[in-house]
Amino acid sequence: MERNTRQRGAIRRAFQRADRPLSTQEVLDQARDEVGGLGIATVYRNIRALVDESWLTAVELPGEVPRYEVHGKAHHHHFHCRHCDRVFEVPGCVSSIAEIVPPGFRLEAHEVVLYGACPDCGTA
Ligand SMILES: [Zn+2]
Ligand SMILES: [Zn+2]
């Protein structure tokens with residue numbers, strides 16, 4: 001019981017520290033430092049429970065393993081670094097997006113994913 005609480009706490013802190021969407025493997029890598037012997041199945045189980053509790057939300061990018069982020073953030077998009085495979089949060093939106101909607105169509109939702117190199121990977 002106490003061990004479960006410690007595992008859950010370490011997983012939550014991994015998300016709070018990262019402040020970007022994390023894959024199950026990334027959570028494992030980070031939370032393992034805090035809770036030795038943590039396994040991928042335990043991380044999966046806890047992430048599922050945190051999604052059920054609406055503490056986490058799944059971030060689904062085309063062709064990618066799911067990432068998860070803390071639920072309830074304001075409208076935003078994601079940047080996928082093609083070099084280190086990390087996903088980052090892009091605050092805000094493209095204000096002109098409604099302008100490309102053809103006449104007669106009603107826009108209800110949109111997905112925008114940015115791809116490139118993060119500051120750590122750079123271009124040099
Ligand atoms: Zn990168
Ligand atoms: Zn948007």
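The rules we used
Residues numbered from 1 in each chain as written. Chains lettered and ligands numbered in written order. Predicted model: local features only at pLDDT ≥ 70, side-chain atom pairs only at ≥ 80, totals over all residues. Heavy atoms only, no water. Donors = N, O, S within 2.8 Å, 3.2 Å for Na, K, Ca; no water. Tetrahedral: all angles 85-135°; square planar, octahedral: opposite > 155°, others 65-115°. Buried < 20%, exposed > 50% of the residue type's maximum accessible area, 1.4 Å probe, protein only. Pairing = 2+ DSSP bridges. Helix = DSSP H or I, 4+ residues; strand = E, 2+ residues; numbered from the N terminus. Domains from an automatic or database assignment. Contact = heavy atoms within 4.5 Å. Buried area = accessible area lost by both parts, 1.4 Å probe. Salt bridge = Lys/Arg side-chain N within 4 Å of Asp/Glu carboxyl O.

So, on to the coordination of the zinc ion (ligand 1). Every protein donor of the zinc ion (ligand 1) is accounted for by Cys-81 (SG), Cys-84 (SG), Cys-118 (SG) and Cys-121 (SG), and the metal-donor separations fall at 2.3 Å. For the zinc ion (ligand 1), the four donor atoms in the first shell make angles of 102 to 116 degrees at the metal, a pattern classed as tetrahedral. One chain supplies every donor for the zinc ion (ligand 1), spaced along it as C-x2-C-x33-C-x2-C. Since its relative accessible area comes to 0%, Cys-81 is described here as buried. According to the relative accessible area criterion, Cys-84 is partly exposed, its value standing at 30%.

If you trace the three strands from one edge of the open sheet to the other, you get β1-β3-β2, paired in antiparallel fashion. The strands lining the two open edges of the sheet, one partner per strand, are β1 (22-23) and β2 (56-59). Alignment of β2 against strand β3 (residues 67-70), held across four bridges, turns out to be antiparallel. Across the sheet, residue Leu-56 finds its bridge partner in β3, namely Val-70.

What follows deals with the domain arrangement of the chain. Under the domain assignment used here, the chain contains domain 1 (2-70) and domain 2 (76-116). Computed from C-alpha coordinates alone, the two centres of domain 1 and domain 2 are separated by 24 Å. Contact with domain 1, which involves 10 residues of that partner, is made by 10 residues of domain 2. Carbon and sulfur atoms supply 55% of the area buried between domain 1 and domain 2, which totals about 860 Å² over both sides. The largest contributions to the domain 1 side of the interface with domain 2 come from Arg-20, Leu-61 and Arg-67, which together make up 49% of the buried area. Summed over the shared surface of domain 1 and domain 2, the result is one salt bridge. With a shortest N-O distance of 3.7 Å, Arg-67 and Asp-85 are connected by a salt bridge.

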